Amino acid sequence: MFYQLEDEAVGISAQEINSSILTLGYISEKELEKLYKPLGFSARAYEECVKKNSIFSSRLELFDSYAVIRLDVDELNCRVTLLVSKNLVLAVTNDDKKRSLRDAFMSLVSKINCSSATEEKAVGLFLEEIMNSRKSDLEELQQRLNSLEEAVFGESTENDFNKSLLEIKNGLLCFRSLCEQVIEICEGLAESENRLFDGGEKGSLKANSARADRFKEKIDLLRDSVNHIWDSYQAFLDIRLNQSMKRFTLLTTVFFPITIIVGWYGMNFKYMPELSWKYGYAYVAALTVAVVAALFIWLKKRKWL
């Protein structure tokens, strides 16, 4: 999809692009394969768009007449590349069905001021909208983190607690990586001498960098909370294990005298106390119960049970 910015944003086809009017485009990598040459981009720019990275990273390539800005959005297999030339800002994604990216582009088209729009403003606003599209995800992660914290201190953790905490940690890591990439791109463009990003308009790039930095600080606070909750959870597990070992030890203590009695009366001697007594069996049974009861009462008084 392409939008030409005149008095208002007007949808056009790729063949209707006017090089003298600022145009915004959102296409897939497959569509770019057919369009990059007619639009004035080199094969190297196309290769930068389709190249897969093994880690989260941004890339900024500045050429004489255009710029290539690559951004890993939230997953290793989801990326967007901005191809920026005179009067053209083209967003290229490997997943054109990714709603967050499409929504960010449509928000850019609806918010940008057509009368004062420039390539730099379009890039800055698009990066801002990408980050804003992730704010709801960040709020959801924060709510889940609060729920896990309440579960730990309420001693009501579920069996999948570790998995849930790891998912939150990975989500925060993805968002933090996005912030770092936005900061790196904005600072690189603000410091560049490319004529596409020239003059006083670089102030919006610096503002985006500062906004991303504030996001990153908030994420770091949440990551500290993750570590705090994990430490609390481990302490909770240690306490529960200690309680279990305490109960096991006390039960062993209570039944240890019975083991002695059973071993004693299990010996094969002809002459033993109560062996030939009519009430010998009842006596041993009563003695066993009495010993266990006495130990139980004693432990209760000592508040060990």
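Engineer: Requested: an account of unusual backbone geometry, with residues and values cited.
Structural biologist: Apart from glycine, the bulk of residues carry a negative phi angle, and the bulk of peptide bonds sit in the trans form. Located in the positive-phi region is asparagine 87, a residue other than glycine, with phi close to 65 degrees. Here asparagine 87 lies in the loop between strand S6 (79–85) and strand S7 (88–93). Look at asparagine 87 and you get buried, because its relative accessible area is 15%.

Engineer: Report on helix H8 (residues 280–301), specifying residues and quantitative values.
Structural biologist: The end-to-end C-alpha separation of H8 is 31 Å, in line with the 32 Å expected for 22 residues at 1.5 Å each. Of the residues making up H8, those classed as buried are Gly280, Val284, Thr288, Val292 and Leu299. Summarising the axial view, the buried residues of H8 lie within an arc of 115 degrees, below the 170-degree limit, and thus occupy one face. Of the exposed residues in H8, those oriented more than 90 degrees away from the buried face are Val289 and Lys301. Phi turns positive one or two residues past the end of H8, at lysine 303, with a value near 60 degrees.

Engineer: Describe the environment of valine 92, and please don't skip the residues or the numbers.
Structural biologist: Relative to the elements of secondary structure, valine 92 occurs in strand S7. Looking at valine 92, the relative accessible area reads 2%, which means it is buried. For valine 92 and tyrosine 46, which are 46 residues apart along the polypeptide, the C-alpha to C-alpha distance reads 9.8 Å. Each residue touching valine 92, except ones within four places of it in the same chain, is listed here: Ile27, Ser28, Glu29, Leu32, Cys49, Arg79, Val80, Thr81 and Leu83.

The rules we used
Residues numbered from 1 in each chain as written. Predicted model: local features only at pLDDT ≥ 70, side-chain atom pairs only at ≥ 80, totals over all residues. Heavy atoms only, no water. Helix = DSSP H or I, 4+ residues; strand = E, 2+ residues; numbered from the N terminus. Buried < 20%, exposed > 50% of the residue type's maximum accessible area, 1.4 Å probe, protein only. Expected span 1.5 Å × (residues − 1). Arc of directions from axis to C-beta. Contact = heavy atoms within 4.5 Å.

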